[in-house]
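Residues per chain, in single letters:
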Amino acid sequence: MEKIDSINLYKTEEAEAEVEVEVEAEEGMISDENGNEKGNSNSVDSVNILNSDIHAENEGGGAEDINSAVSRIIDDSVKENGNLLGVIKPHSLLPQPEVPAGVAITVSPGELNRSQSMPESFDMPAIGKFFREKSNSLSSAITKRLSSMRDQFDDEKVVMKSESQQVTEFDLSGMKVIVNLKPPVKKLPGRVSFFSRSNCRDCTAVRLFLHKENLNYVEINVDVYPKREKELIERTGSANVPQIFLNEKLLGGLVVLNSLRNSGMLEKKFAEMLAGKCPEDAPAPPVYGFDDDYEEQNDEMVEIVRVLRQKLPIQDRIMRMKIVKNCFSGGELVEVLIHHLDCGRKKAVEIGKNLARRHFIHQVFGENEFEDGKHFYRFLEHEPFVPKCYNFRGSTNDNEPKDVAVLGQRLGKIMSALLESYASDDRHHLDYIGISNSEEFRRYTNLVQDLHRVNLLNLSADEKLAFFLNLYNAMAIHAVIRIGHPGGMIDRRAFFSEFQYIVGGYSYSLSGLKDGILRSNRRAPFTLMRPFPSGDRRLEMAFQKVNPLIHFGLCNATRSSPAVRFFTPQNVESELRYAAREYFQRDDAMQVDLAKRTVYLNRMIKWYNTDFGQEKEILKWITGYLDATKAGLLTHVMGDGGPVNVVYSSFDWSPNA
């Protein structure tokens with residue numbers, strides 16, 4: 001039976017609605033407006049309502065009028081085409097289906113089978129709340145009507161159109177339904193596998209080819225699964241990717257694939273090599289929940305730290321008319337070390353300083369590294385910011401800190417692999433539910449625990465820039481999954497300020513990363529305070545000069561923000577320039593109206609005009625990142641000596657889902 005692939009509702013100038021429905025023969029897939037498929041068989045994964053102010057044609061009409069219109073659509077479509085349209089149940093994120101008035105079939109809520117595409121243990125109340133609130137009256141009415149009529153059509157046979165006729169149109173009063181038929185997914189007895197790496201153009205080409213051919217495949221990214229690189233070398237004799245396997249047999253890379261395709265032998269080759277069931281010695285699919293074995297080395301001072309945690313009198317104290325929680329004095333730590341190590345006081349003080357440098361302990365007011373006496377200190381796990389840190393899981397990482405540059409590159413590779421699997425081609429839209437359930441994201445959440453006590457001062461300038469750009473974009477994705485998207489002003493505070501990570505012994509929020517580090521500790525728009533107060537140790541990491549290009553490398557999970565991307569330390573500057581050029585190609589980012597002598601810019605430019613400069617400077621600066629057409633228009637407007645109006649368009653805070 002055919003499955004509904006996507007429903008897009010558009011409001012026309014005559015207040016008529018056009019519903020576009022894509023039908024797929026084998027698996028039920030839902031596409032967003034960019035055509036990106038999300039979901040699994042027998043379930044609708046997304047319904048994208050592009051215009052929330054669509055109304056019924058009759059002024060007094062409510063949900064019943066819309067239901068009547070939908071009923072006419074279905075009835076007329078059957079009469080005109082002689083086919084019955086298969087109907088499936090809506091996704092669980094949509095409103096609860098109810099039986100419309102006048103329908104004889106009654107289905108109790110207890111009998112409804114909800115979608116099981118998301119595990120029960122996964123908690124995403126904010127995402128669910130967002131989709132429920134954004135569903136408008138028309139989408140709710142259509143969902144109810146289609147759901148109530150499923151039983152009526154389940155036993156009917158859907159008559160398929162011939163392959164030459166891919167689109168069927170139904171012209172109805174006030175509505176137009178377009179049904180696109182897609183070819184079924186090719187099911188072969190064997191298995192297609194290919195080894196890949198993140199940010200590999202040839203791997204992307206192979207992936208797109210397999211998608212286009214509707215072939216199921218298994219991708220093994222050796223940047224995500226490092227242990228599989230050894231297997232790749234053993235099977236192929238090199239570490240080059242991509243390498244395609246049909247069952248256990250090596251087909252080759254992109255060159256071989258293109259040669260077979262150009263010669264017309266590809267389908268025959270696939271049919272021959274995939275004719276039998278996949279043997280056990282074929283490349284195995286990655287398994288969720290199993291990490292590669294890394295050699296973790298305990299910090300050389302971890303034994304001393306364990307003793308101190310047990311013997312120090314950790315309690316609340318009063319200092320400077322404030323209650324300081326879970327702390328101890330420097331003198332108490334020195335006394336414990338003297339008795340435990342049987343050493344002198346000078347050596348005990350040096351050990352205390354070393355513990356502070358390694359971020360096991362901090363002075364409660366951040367005034368000194370470590371001193372003997374009555375200054376109060378606390379362990380990292382007792383810092384008041386820890387409950388807000390989402391890379392903390394009950395205890396700090398006591399292992400020897402890894403090289404932060406290596407960690408940063410691995411973080412970027414894992415998140416790039418996520419985008420290749422769960423983002424649209426232009427990376428403007430992400431499948432957050434798919435990301436949250438992926439093995440790549442699970443490995444990412446384990447990886448960021450290694451950031452607790454890293455030494456950020458070891459980073460070079462380019463490494464530091466790429467590291468903080470990538471960390472911001474990764475944290476934004478994590479924040480959407482854990483606390484939801486910032487739909488309103490109140491939600492944005494929690495999203496940008498209260499969602500934090502422990503990095504190098506200190507807490508960083510999205511605002512802290514952007515405004516505190518990347519923007520040289522400048523105030524965020526509409527705020528009075530700088531992110532870091534004077535004397536804050538995090539100021540050591542802040543850039544001395546603001547690079548305005550950073551704004552085009554940061555994605556805050558909204559539609560008006562730049563496309564999400566992850567950077568490499570070797571090419572971070574050129575990648576930022578490319579991101580800026582890509583951003584200004586968008587109509588919502590920059591347009592020129594010659595007749596009105598007006599330049600339309602995204603409001604983000606106005607918010608951060610302290611980074612870009614005055615309006616004339618901004619327009620001159622932007623010219624260097626425009627294509628020939630826009631650059632010519634802008635140069636013409638600016639060069640004739642007349643006045644130039646700059647209008648800032650509104651910022652679209654809706655999610656890039």
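These numbers were taken from a predicted model, which means no experiment stands behind them.

1. Let's talk about the overall build of the protein
Next up, step 1: The secondary structure content of the protein amounts to 22 helices and 20 strands.
Next up, step 2: Residue burial in the protein is summarised as follows: out of 657 residues, 50% are buried.
Next up, step 3: Sequence separation of at least 24 residues holds for 69% of the intrachain contacts in the protein that already meet a minimum separation of 6.

2. Some details on the packing of aromatic side chains
Next up, step 1: As enumerated under the stated definition, the model contains 23 aromatic pairs in all.
Next up, step 2: The interplanar angle of 85° and the centroid separation of 6.4 Å between the aromatic rings of Tyr-508 and Phe-532 together place this pair among those described as edge-to-face. Of the two residues, Tyr-508 is situated in strand β17 (residues 506-509) and Phe-532 in the loop between α17 (510-518) and α18 (572-584); the sequence distance between them amounts to 24 residues.
Next up, step 3: Above the ring of Phe-379, the side-chain terminus of Arg-309 is found at 5.7 Å from the ring centroid.

3. Description of the nonpolar core
Next up, step 1: Ranked by internal contacts, the top residues of the largest apolar core, which has 84 residues, are Leu-456, Phe-552 and Leu-601.
Next up, step 2: Examining the composition of this core, we find that 14 residues originate from one element, helix α15 (residues 461-483), more than from any other.
Next up, step 3: Ignoring sequence-local partners within four residues, the contact set of Leu-601 consists of Ala-589, Met-590, Ile-618, Leu-619, Ile-622, Val-646, Val-647, Tyr-648 and Ser-649.
Next up, step 4: In this structure, Ile-244, Phe-245, Leu-260 and Phe-270 belong to the second largest nonpolar core, which totals 25 residues.

4. Some points on the sheet that holds strand β20 (residues 645-649)
Next up, step 1: Here we have three strands laid out as an open sheet, ordered β18-β19-β20, and mixed in their pairing. The strands lining the two open edges of the sheet, one partner per strand, are β18 (590-593) and β20. Going across the sheet, the axis of each strand differs from the next one's by a mean of 20°, ignoring polarity.
Next up, step 2: Alignment of strand β19 (residues 598-602) against β20, held across five bridges, turns out to be parallel.

5. Points about the sheet that holds strand β12 (residues 315-319)
Next up, step 1: The sheet built from four strands is open, its strands ordered β12-β13-β15-β14 with antiparallel pairing. Pairing within the sheet leaves two strands with one partner each, and these edge strands are β12 and β14 (361-363). Between one strand and the next, the sheet's axes are offset by a mean angle of 55°, whatever the strand orientation.
Next up, step 2: Of the strand pairs in this sheet, β12 and strand β13 (residues 322-329) are connected by four bridges, and their pairing is antiparallel. Within β13, the position partnered with Met-319 by the bridge is Lys-322.
Next up, step 3: Helix α10 (residues 330-341) contacts β12, β13, β14 and β15 (376-379) of the sheet and is inclined by roughly 15° relative to β13.

6. Remarks on the packing of helix α9 (residues 302-311) against α10
Next up, step 1: Interhelical geometry of α9 versus α10 gives an angle of 120° and a closest axis separation of 11 Å. As summarised for this structure, α9 and α10 are arranged oblique, according to the angle between their axes. Remark: the crossing between α9 and α10 carries right-handed chirality. Counted together, Ile-304, Val-307, Leu-308 and Lys-311 of α9 and Leu-333, Val-336, Leu-337, His-340 and Leu-341 of α10 form the full contact between these two elements.

7. Side note on the environment of Tyr-506
Next up, step 1: The residue Tyr-506 is located in strand β17 in this model.
Next up, step 2: Each C-alpha atom of the pair Tyr-506 and Arg-537 lies 8.4 Å from the other, and the pair is 31 residues apart in sequence.
Next up, step 3: Ignoring sequence-local partners within four residues, the contact set of Tyr-506 consists of His-359, His-362, Phe-385, Tyr-501, Arg-537 and Arg-538.

8. Description of the pattern of salt bridges
Two side chains that carry opposite charge are able to pair once their charged atoms sit near each other.
Next up, step 1: All told, the structure shown has 29 salt bridges when counted by the stated rule.
Next up, step 2: A salt bridge links Asp-223 to Lys-413; the shortest N-O distance between them is 4.0 Å. With a gap of 190 residues between them, Asp-223 in the loop between β9 (217-221) and α6 (228-236) and Lys-413 in helix α12 (residues 404-422) connect regions that are remote in the sequence.
Next up, step 3: Measuring nitrogen to oxygen at the nearest pair gives 3.7 Å for the salt bridge that ties Arg-358 to Glu-400. One end of the pair, Arg-358, is in the loop between α11 (345-357) and β14; the other, Glu-400, is in the loop between β15 and α12, with 42 residues separating them in the sequence.
Next up, step 4: Residue classification places Glu-400 among the partly exposed residues on the basis of a relative accessible area of 30%.
Next up, step 5: Beyond isolated ion pairs, a larger network of salt bridges with shared partners links Arg-197, Asp-223, Glu-229 and Lys-413.

9. Remarks on the pairing of β17
Next up, step 1: By the alternation rule, side chains of β17 split into Tyr-506 and Tyr-508 and Ser-507 and Ser-509, which are all buried.
Next up, step 2: The loop that links strand β16 (residues 500-503) with its antiparallel partner β17 comprises two residues; one of these, Gly-504, has a positive phi angle of about 60°.

10. Some remarks on the side chain of Asn-470
Next up, step 1: With respect to the secondary-structure elements, Asn-470 resides in helix α15.
Next up, step 2: Asn-470 has contacts with Gly-408, Leu-411, Gly-412, Arg-565, Phe-566 and Phe-567, leaving out every residue within four places of it along the chain.

11. A look at helix α5 (residues 201-212)
Next up, step 1: Across its twelve residues, α5 extends 16 Å between first and last C-alpha, which sits within 8% of the 16 Å expected from 1.5 Å per residue.
Next up, step 2: Turning to α5, its buried residues number three or more, namely Cys-203, Val-206, Arg-207, Phe-209 and Leu-210. Here the buried residues of α5 occupy an arc of 160° about the axis, which is enough to place them on one side. Residues of α5 that are exposed and angled more than 90 degrees away from the buried face: Arg-201 and Lys-212.
Next up, step 3: Close packing links the buried residues of α5 with β8 (192-196), β9, β10 (243-246), α7 (254-263), α8 (266-273) and α12.

12. A look at α15
Helical periodicity: at 3.6 residues per turn, an α-helix aligns residues three or four positions apart in one direction.
Next up, step 1: Taking 1.5 Å per residue as the helical rise, α15 with its 23 residues ought to reach 33 Å, and the 32 Å between its terminal C-alpha atoms agrees with that figure.
Next up, step 2: The buried count for α15 comes to 18 of 23 residues, which makes it a mostly enclosed element.
Next up, step 3: Where α15 terminates, the next one or two residues include Gly-484, which has phi positive at roughly 95°.

13. A look at unusual backbone geometry
Next up, step 1: Omega for the bond connecting Val-241 with Pro-242 falls within 30 degrees of zero, at 0°, which places this linkage in the cis form.
Next up, step 2: The phi dihedral of Asn-326 falls on the positive side, at around 50°, and the residue is not glycine.
Next up, step 3: By the element assignment, Asn-326 lies in strand β13.
Next up, step 4: What makes Asn-326 partly exposed here is its relative accessible area of 33%.
Next up, step 5: In the Ramachandran plot, Ala-557 falls in the positive-phi region, its phi being about 70° despite a non-glycine side chain.
Next up, step 6: Note that Ala-557 resides in the loop between α17 and α18.
Next up, step 7: A residue is classified by how much of its surface remains accessible, and Ala-557, at 1% relative accessible area, is buried.

14. Re the confidence of the model for the protein
Next up, step 1: In this model, the protein carries an average pLDDT of 78, and 71% of its residues clear a pLDDT of 70 or more.
Next up, step 2: Every residue in residues 1-88 scores below 50 in pLDDT, and together they form 202 contacts with partners more than four places removed in sequence or on other chains.
Next up, step 3: The low-confidence segment residues 134-139 (pLDDT under 50) makes nine contacts with residues lying over four places distant or belonging to another chain.

Rules of the game
Residues numbered from 1 in each chain as written. Predicted model: local features only at pLDDT ≥ 70, side-chain atom pairs only at ≥ 80, totals over all residues. Heavy atoms only, no water. Helix = DSSP H or I, 4+ residues; strand = E, 2+ residues; numbered from the N terminus. Buried < 20%, exposed > 50% of the residue type's maximum accessible area, 1.4 Å probe, protein only. Contact = heavy atoms within 4.5 Å. Phe/Tyr/Trp six-rings, centres within 6.5 Å; stacked < 30°, edge-to-face > 60°. Lys NZ or Arg CZ within 6 Å of the ring centre and 35° of its normal. Core = buried A, V, L, I, M, F, W, Y, C linked by side-chain atoms within 4.5 Å. Pairing = 2+ DSSP bridges. Axes fitted to C-alpha atoms, helices over the stretch in contact; angles between N-to-C directions. Parallel < 35°, antiparallel > 145°, perpendicular 65-115°, else oblique. Left-handed = near helix turned anticlockwise from the far one by under 90°. Salt bridge = Lys/Arg side-chain N within 4 Å of Asp/Glu carboxyl O. Expected span 1.5 Å × (residues − 1). Arc of directions from axis to C-beta. pLDDT = per-residue confidence, 0-100.

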